[in-house]
There are 4 protein chains.
Amino acid sequence: MTQADPAAHCHPENKLCMPEDARRRAARRLSIARGHLDSIVRMLDEPDVYCVDVLRQIKAVQGALSGAGEVVLRGHLEAHVATAHERGDTLEMVEELMEALKYR
Amino acid sequence: MTQADPAAHCHPENKLCMPEDARRRAARRLSIARGHLDSIVRMLDEPDVYCVDVLRQIKAVQGALSGAGEVVLRGHLEAHVATAHERGDTLEMVEELMEALKYR
Amino acid sequence: MTQADPAAHCHPENKLCMPEDARRRAARRLSIARGHLDSIVRMLDEPDVYCVDVLRQIKAVQGALSGAGEVVLRGHLEAHVATAHERGDTLEMVEELMEALKYR
Amino acid sequence: MTQADPAAHCHPENKLCMPEDARRRAARRLSIARGHLDSIVRMLDEPDVYCVDVLRQIKAVQGALSGAGEVVLRGHLEAHVATAHERGDTLEMVEELMEALKYR
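Named according to an unreviewed UniProt entry, chain A is Copper-sensing transcriptional repressor CsoR originating from Deinococcus rhizophilus. Under Subunit (unreviewed entry), UniProt gives the following word-for-word description of chain A: "Homodimer." Of the comments in the UniProt record for chain A, the one headed Subcellular location (unreviewed entry) reads "Cytoplasm".

Right, dumping it as structure tokens:
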């Protein structure tokens, strides 16, 4: 992977965009998590489902979401946070990220 | 809500079953989380999606899953853990629950 | 380990007490965490300390606190939650525990 | 707060150092957390301490540690990550940070 061009904006309004690779990888992981979540909803149709089995499945989906979140976060740090000083928006970028990471 | 009958088992193999009310409420919450997750996957089809917006949405779904997990956990504690001493399976029930709660 | 006596209260006001074994093990773990935390505070006296080293040490102490919390939680589930139905205070016990587990 | 000089290194070996302000604020918060942890260890000397009270106190100290971690993380993002592209060490900085954030 090459380092990002700090001036790269993907459209005219000057908004930063998610790196293509991170976007595709996050989408793939979230699709899998959605399928898994689907199967938990179906599990709950069965009257004899056991609580701890459901807790374990929910935990697994949460792990998958965390994994997707890490892909997005890594792309953001590389493409947008690491170039903030050059763009001159360090404080805004860090404030925004700290807010989004809270309670992670 | 009435207290659970410690001897209540919902089917012949003696397996404990999730309380009906918790089952329906967890299913409802997980269905909503699934719809939300669906919308994040669609968001990621857009080439100009912004990383921090995706992080925020993933965090929101994780919050919804935690909420569903709390419904399941509460039902399990009330119906199965609080009656464990009477059934004589306290250590097994607690061990199983501690394992399922790890890294929550 | 023998199963708890559901009627056991360690003092006249009828308050439930922490099992002796869990109490000693939690105290030992928390003492170690305190020593570790002490060393981080000293680390921060050095002007050339590196942020990521501090983050790693804080994470290690948080892991130690989680470990101590697990010891306490396990003792509580075994001694007090598993016997709640017999005492007739299931709903109060579960409510109290759910509140204490939040955002863990 | 002024933006960091991307070339600023606080000592000859070229190592990045924690910003002074973050260092003092993190030290203050961690000292308070240590005092709190001290009081939990003393609580556990009392044979009639109640499990859920201990769980709550442990949770409060974990919150204080998270707060200190946020101070350190914010300083690191502002002083070192936001300037990574200029120094040319983006990938190393992001990899190191992702590792340190895991399981937060």
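Now, onward.
Novice: Just checking my understanding: could you explain the overall build of chain A for this structure?
Specialist: Per the secondary structure count, chain A includes four helices and zero strands. Along chain A, from the amino end to the carboxyl end, the secondary structure elements read α-α-α-α. Long-range pairs, those at least 24 residues apart, make up 57% of the contacts in chain A between residues at least 6 apart in sequence. Total accessible area computed for chain A in this model is approximately 4700 Å², and 50% of it derives from carbon and sulfur atoms.

Novice: Quick question: what am I supposed to make of the interface of chain A and chain B here?
Specialist: Quoted interface sizes are often the accessible area lost when the parts come together. Each side of the interface is counted separately: chain A has 48 residues, and chain B has 48 residues. Across the interface of chain A and chain B, roughly 4200 Å² is buried in total on both sides, 69% from carbon and sulfur atoms. Where chain A touches chain B, the interface holds 17 residue pairs in polar contact (both at pLDDT 80 or more). Among the secondary structure elements, those contributing two or more residues to the side of chain A that touches chain B are helix H1 (20-43), helix H2 (51-81) and helix H4 (90-101) of chain A. Looking at the side of chain A that touches chain B residue by residue, the class counts come to 29 nonpolar, seven polar and twelve charged.

Novice: Hey, could you run me through the nonpolar core in this one?
Specialist: One finds Leu77(A), Leu77(B), Leu77(C) and Leu77(D) to be the most contacted residues of the largest nonpolar core, which totals 136 residues. Excluding residues that lie within four positions of it along the chain, Leu77(A) makes contacts with Ala82(A), Leu97(A), Leu77(D), Val81(D), Val94(D), Leu97(D) and Met98(D).

Novice: Even after reading the chapter, I still don't get the relation of the copies chain B and chain C, so can you show me in this structure?
Specialist: Relating one copy of the chain to the other takes a rotation about an axis and a shift parallel to that axis. When chain B is fitted to chain C, the best match, at an RMSD of 0.0 Å, comes from turning it 180 degrees and sliding it 0.0 Å along the axis. Put plainly, the chains are arranged around a two-fold axis. Among all residues of chain B, the one whose C-alpha sits closest to the rotation axis is Ala82(B), at a distance of 2.2 Å. Residue by residue, 100% of the interface of chain B is reproduced at the interface of chain C, so both copies engage with the same surface.

Novice: I keep staring at helix H1 (residues 20-43) of chain B and nothing clicks. Help me out?
Specialist: Owing to its 3.6 residues per turn, the α-helix brings residues three or four apart onto one side. The first and last C-alpha atoms of H1(B) sit 35 Å apart over 24 residues, in line with the 34 Å expected at 1.5 Å per residue. Among all positions in H1(B), only Ala22(B), Arg23(B), Ala26(B), Ala27(B), Leu30(B), Ala33(B), Leu37(B), Ile40(B) and Val41(B) are buried. Among the structural elements, H1 and H2 of chain A together with helix H2 (51-81) of chain B are those in contact with the buried residues of H1(B).

Novice: It is not clear to me how the relation of the copies chain A and chain B should be interpreted in this structure. Could you clarify?
Specialist: For the match of chain A to chain B, the screw axis carries a shift of 0.0 Å, the RMSD comes to 0.0 Å, and the turn is 180 degrees. When you check the interface residues of chain A against chain B, 100% turn up at the interface there too, and the contact is symmetric in its surfaces.

Novice: How should the interface of chain B and chain C be read in this particular structure?
Specialist: The interface is formed by 26 residues belonging to chain B together with 26 residues belonging to chain C. Interface area, chain B with chain C, both sides summed: about 2400 Å², of which 62% is carbon and sulfur. Taken together, the connections running from chain B to chain C amount to two salt bridges. In this structure, Glu95(B) and Arg74(C) form a salt bridge, with 2.7 Å as the shortest nitrogen-oxygen distance.

Novice: Explanation requested: the packing of H1(A) against H1(B) in the structure shown.
Specialist: Helices that pack against each other are described as a pair by the angle of their axes relative to one another and the distance between those axes. With their axes 10 Å apart at the nearest point, H1(A) and H1(B) run at an angle of 160 degrees to one another. Considering the angle they form, H1(A) stands roughly antiparallel to H1(B). Relative to H1(B), H1(A) is oriented so that their crossing is left-handed. When H1(A) is examined against H1(B), the residues Leu30(A), Ser31(A), Ala33(A), Arg34(A), Leu37(A), Asp38(A), Ile40(A) and Val41(A) are found in contact with a partner set consisting of Leu30(B), Ser31(B), Ala33(B), Arg34(B), Leu37(B), Asp38(B), Ile40(B) and Val41(B). Looking at side-chain class alone, the contact of H1(A) with H1(B) contains ten nonpolar, two polar and four charged residues.

Novice: Explain the state of the cysteines here, please?
Specialist: A covalent bond between the sulfur atoms of two cysteines is what we call a disulfide. Summed over the entire model, instances satisfying the criterion amount to zero disulfides over all chains. Of all cysteine sulfurs in the structure, the one in Cys17(B) sits closest to Cys51(A), which takes part in no disulfide; the separation is 8.5 Å. A residue is classified by how much of its surface remains accessible, and Cys51(A), at 0% relative accessible area, is buried.

Novice: Would you explain the pattern of salt bridges in this entry?
Specialist: Side chains that carry opposite charge are capable of pairing whenever their charged atoms lie near each other. According to the stated counting rule, one finds 36 salt bridges over all chains in the structure shown. Among the salt bridges present, the one from Asp21(D) reaches Arg24(D), with a minimum N-O distance of 3.7 Å. With a gap of three residues between them, Asp21(D) and Arg24(D) both fall in helix H1 (residues 20-43), about one helical turn apart. Residue classification places Arg24(D) among the partly exposed positions, given a relative accessible area of 44%. The partner of Glu99(D) in a salt bridge is Lys102(D), with the nearest N and O atoms 3.9 Å apart. Here the salt bridges do not stand alone but share partners, grouping Glu20(A), Asp21(A), Arg23(A), Arg24(A) and Arg25(A) into one network.

Novice: Any chance you could explain the side chain of His76(A) here in plain terms?
Specialist: Locating His76(A) in the fold gives a position in helix H2. Accessibility expressed as a relative area gives 0% for His76(A), which makes it buried. Not counting residues up to four positions away in its chain, the partners in contact with His76(A) are Val81(A), Met93(A), Glu96(A), Leu97(A), Tyr50(B), Cys51(B) and Val52(B).

Novice: Please explain the side chain of Asp89(D) as it appears in this structure.
Specialist: Residue and element names in this part refer to chain D. Counting through the fold element by element, Asp89 comes out in the loop between helix H3 (84-87) and helix H4 (90-101). Of the residues examined, Asp89 reaches a relative accessible area of 17% and is grouped as buried. A polar side-chain atom of Asp89 sits 3.0 Å from a polar atom in the side chain of Arg87.

Novice: How should the packing of H2(B) against helix H4 (residues 90-101) of chain C be read in this particular structure?
Specialist: Two elements in contact, H2(B) and H4(C), have axes separated by 10 Å at closest approach and are oriented at 145 degrees. H2(B) and H4(C) meet at a crossing whose hand is right-handed. Of the residues in H4(C), those touching H2(B) at Glu70(B), Leu73(B), Arg74(B), Leu77(B) and Glu78(B) are Thr90(C), Leu91(C), Val94(C), Glu95(C), Leu97(C), Met98(C) and Leu101(C). Of the residues contributing to the contact of H2(B) with H4(C), the split by class is seven nonpolar, one polar and four charged.

What counts and how
Residues numbered from 1 in each chain as written. Chains lettered and ligands numbered in written order. Predicted model: local features only at pLDDT ≥ 70, side-chain atom pairs only at ≥ 80, totals over all residues. Heavy atoms only, no water. UniProt positions renumbered as here; feature names shortened; annotations may be inferred. Helix = DSSP H or I, 4+ residues; strand = E, 2+ residues; numbered from the N terminus. Contact = heavy atoms within 4.5 Å. Areas by Shrake-Rupley, 256 points an atom, 1.4 Å probe, with all protein chains shown as cover. Buried area = accessible area lost by both parts, 1.4 Å probe. Polar contact = N/O pair within 3.5 Å; in protein donor to acceptor, adjacent residues only side chain to side chain. Nonpolar A, V, L, I, M, F, W, Y, C, P; charged D, E, K, R; others polar. Core = buried A, V, L, I, M, F, W, Y, C linked by side-chain atoms within 4.5 Å. Buried < 20%, exposed > 50% of the residue type's maximum accessible area, 1.4 Å probe, protein only. Least-squares fit on C-alpha atoms with pLDDT ≥ 70 in both. Expected span 1.5 Å × (residues − 1). Salt bridge = Lys/Arg side-chain N within 4 Å of Asp/Glu carboxyl O. Axes fitted to C-alpha atoms, helices over the stretch in contact; angles between N-to-C directions. Parallel < 35°, antiparallel > 145°, perpendicular 65-115°, else oblique. Left-handed = near helix turned anticlockwise from the far one by under 90°. Disulfide = S-S within 2.5 Å.

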